[in-house]
Amino acid sequence: MIATYLTSLRRLLSRRRLLDRLPSWMKTSATQQGLMFGAVSLLSLVLMATVTFVYVEHELSSQNREIVKESLELVKGHERKIDDDPIEDDEILAVLTSGFILAGILVSLLTTAIVIAMGRMSQKRINRIERVLNLAADGDLSARTGERHTYNDLARISVSVDEMLSRLEGSVAAMSDISSNIAHELKTPITRLRHNLLTLREEAEVLNVTEQDVFMLELDHALSDSQRLASIFDALLRISQIESGARRSRFTQVDLVQIMDTVTEIYGDVAEDAGMLLVVNLPTEPLLLQGDRELLIQQVANLIENALRYCPEGSQIKLSCGRSSTSHDVWLTVEDNGPGIPEAERERVFERLYRVDKSRTDGGLGLGLSLAKAVAGLHHGTITLTDSKPGLGVNVSMPQAF
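Overview of the structure. (Residues numbered from 1 in each chain as written. Predicted model: local features only at pLDDT ≥ 70, side-chain atom pairs only at ≥ 80, totals over all residues. Heavy atoms only, no water.)

Remarks on the overall build of the protein chain
Stage number 1. Secondary structure summary: the protein chain contains 8 helices and 7 strands in total.
Stage number 2. Every one of the 402 residues in the protein chain was classed for burial, and the buried ones make up 31%.
Stage number 3. For the protein chain, restricting intrachain contacts to residue pairs at least 6 apart in sequence, the fraction spanning at least 24 positions comes to 69%.
Stage number 4. Carbon together with sulfur atoms contributes 58% to the accessible area of the protein chain, which is approximately 25,300 Å² in total. (Helix = DSSP H or I, 4+ residues; strand = E, 2+ residues; numbered from the N terminus. Buried < 20%, exposed > 50% of the residue type's maximum accessible area, 1.4 Å probe, protein only. Contact = heavy atoms within 4.5 Å. Areas by Shrake-Rupley, 256 points an atom, 1.4 Å probe, with all protein chains shown as cover.)

Some details on the pattern of salt bridges
Stage number 1. Taken as a whole and judged by the stated rule, the model has 2 salt bridges.
Stage number 2. Measuring nitrogen to oxygen at the nearest pair gives 4.0 Å for the salt bridge that ties R250 to D292. A residue pair is termed long-range when its members are at least 10 positions apart, and R250 in the loop between helix 5 (213-243) and strand 1 (252-255) and D292 in the loop between strand 3 (288-291) and helix 7 (293-310) qualify at 42 residues.
Stage number 3. Overall, the relative accessible area of 46% leaves R250 in the partly exposed class.
Stage number 4. Exposure remark for D292: the relative accessible area of 3% places this residue in the buried category.
Stage number 5. The salt bridge involving R250 is made with E294; its shortest N-O contact spans 3.5 Å. In this pair, R250 is assigned in the loop between helix 5 and strand 1 and E294 in helix 7, connecting sequence segments 44 residues apart.
Stage number 6. Given the relative accessible area of 39%, E294 is considered partly exposed.
Stage number 7. Ionic contacts of the salt-bridge type, sharing partners, join the residues R250, D292 and E294 into one network. (Salt bridge = Lys/Arg side-chain N within 4 Å of Asp/Glu carboxyl O.)

So, the sheet that holds strand 5 (residues 329-336)
The strands that make up a sheet pair up through hydrogen bonds in the backbone, lying either parallel or antiparallel.
Stage number 1. If you walk across this open sheet you meet the 5 strands as 2-4-5-7-6, and the pairing is mixed. Looking at strand neighbours, the two that pair on one side only are strand 2 (277-281) and strand 6 (382-387), the edges of this open sheet. Adjacent strand axes in the sheet meet at a mean angle of 15° when their direction is disregarded.
Stage number 2. Pairing of strand 5 with strand 7 (residues 392-399) involves 7 bridges; the strand directions are antiparallel. Across the sheet, V330 pairs through a bridge with M398, a residue of strand 7. (Pairing = 2+ DSSP bridges. Axes fitted to C-alpha atoms, helices over the stretch in contact; angles between N-to-C directions.)

What about the nonpolar core?
Stage number 1. L256, L303, I304 and L332 are the most contacted members of the largest nonpolar core, which has 55 residues in total.
Stage number 2. Those elements that provide at least two residues to this core are helix 5, helix 6 (256-273), helix 7, strand 4 (316-323), strand 5, helix 8 (368-378), strand 6 and strand 7.
Stage number 3. Per element, the largest residue contribution to this core is 9 residues, and it comes from helix 7.
Stage number 4. Those residues in contact with I304 that lie beyond four places of it in its chain are V263, Y267, L319 and V334. (Core = buried A, V, L, I, M, F, W, Y, C linked by side-chain atoms within 4.5 Å.)

Thoughts on a nonpolar patch on the surface
Stage number 1. Together, I101, L102, I105, L106 and L109 make up a nonpolar patch on the protein surface, roughly 450 Å² of accessible area in all.
Stage number 2. Here I105 lies in helix 3 (residues 89-137). (Patch = residues over 30% accessible without salt bridge, like charges linked within 9 Å, V, L, I, M, F, W, Y side chains within 5 Å.)

With respect to the environment of P312
Stage number 1. Counting through the fold element by element, P312 comes out in the loop between helix 7 and strand 4.
Stage number 2. Classification of P312 by relative accessible area gives partly exposed; the value is 47%.
Stage number 3. In the structure, P312 is positioned 27 residues away from P339 in sequence and 8.3 Å away in space, judged by C-alpha atoms.
Stage number 4. Non-local contacts of P312, meaning those with residues more than four positions away in its chain, are made with M276, G338 and P339.

Comments concerning helix 8
Stage number 1. Of all 11 residues making up helix 8, 9 are buried, and the element is well covered by its neighbours.
Stage number 2. When helix 8 is considered as a whole, its buried residues turn out to be G368, L369, S370, L371, A372, A374, V375, A376 and L378.
Stage number 3. The first or second residue beyond helix 8 is H380, which carries a positive phi of 60°.

Quick notes on the pairing of strand 3
Stage number 1. Side-chain alternation along strand 3 places L289 and G291 on a buried face and L288 and Q290 on a face that remains uncovered.
Stage number 2. One ladder, built from 4 bridges, connects strand 1 with strand 3; its direction is antiparallel. Across the sheet, V254 pairs through a bridge with L289, a residue of strand 3.

Notes on unusual backbone geometry
Stage number 1. Not every positive phi belongs to a glycine, and H380 is a case in point at roughly 60°.
Stage number 2. Within the fold, H380 resides in the loop between helix 8 and strand 6.

Shown next as C-alpha cells:
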C-alpha cells in the first residue's frame, strides 16, 4: 500500500516538473484554457462520431437481421408480402438523429464536467490566495498558499505571494528584534540616569540647597522626564513581549465578568475623584475565555485611563461586556461622551507613540491603545473604534472558551 502511494506521488511530482518545464507562452491561463478548449472540442467530435457510428451500426445491423429473416422465409416458400423499400429514409434519418442527440448529450455532460472541474480548481487557488492576503492584512504574516510550482498564472501569483510574505515576515521580525534590542540597551542607562538624579536630589536636600529654587525645579523636571522615558521603554518591551506570543503559555480559563468587576473596583473611585461617572453593565452569567488575566486587566485599565485622561470633567464612562449572538465570541466595550477621535485618525491611534493632538502634555505615552491591540491579538481577538455620538467607543471581541 505504501509502495503504491509512493509510486503515485513520484508520478505526480514528475508530471508537475514536466509542467514547470513548459515554455513561458504555455504558462498563461489564457493559453492553457484555449488548449483545453481545443482538446475538449476535438474529444467531443471524436466522441460524437464514435457514439453516432456505434449507434447507427447497431440500428442498421438490426434492420439487416430483419431483412435476412424475411429473405429466409421467402426462400422457404412462405407467402409473404415483400417490402420494396425495406430500409426507409425516415428510419435512417431517425437513427442518425437519435445518434447525434445521444452523442450531443454525452459530449455536453463531459464538457460540463471538465469546465466545472477546471473552474473549481482555479477558484480554490483564488480562494486560497484571498484567504492568505486577508490573514496578512490582519497581521498574520505566517500564512502561506503552499504552492510550489509555476505552471500557470495563478500558480505564479501564489508562489510570488508566498515569497513576498516570507520576506516581509523576515523584515518585520528583524525590525521587531532591533526595536526590542534598542529598548533593552537604552533601558539600563535610563534607569541608571534616574538613580543618579534621585541620589543627587537627596544630597541636595541634605546640603540644604533648597534656596536654589531653579536648581531644584530643573532637577525635578529631569526626574520626571527620566521616569517618563523609563515608562515608555517598559511599555515598548511589554508590547514586544505580547506580540511575540510568549505569554500564551500562561493562558488559563478566565471569567471576563470577574475581570471587569476587578477593574471597576479599582477605577470607580478614580473616576469619581476626576469628576466623572463610571457606569457598569455586566451580565450575571460568567463569560469564559482562554487568556492571561493580568494582561486582560491591563487592557481594560488602559482603555479606562484613556477615557479619564482625554474626557472633560462631568463625562460619563460606560463599561459593559457580553456574549455575541452571531458568533462564538465574548466582547467588552468602553464608551465615553468626550471629544472622541476623528474617523481619519482611528487606524493610526493604534500605532506606537502616535498621538492625535501633538501639542497635548497630559502625561500620556501614546501606547495605551497599542498595548490594548496587542493584548487583543494575543487572544486571537479584534479591537475596533466606533463613534458614540458624542465620544468614543472601543469594542474588543475575543473567542470564548468551550
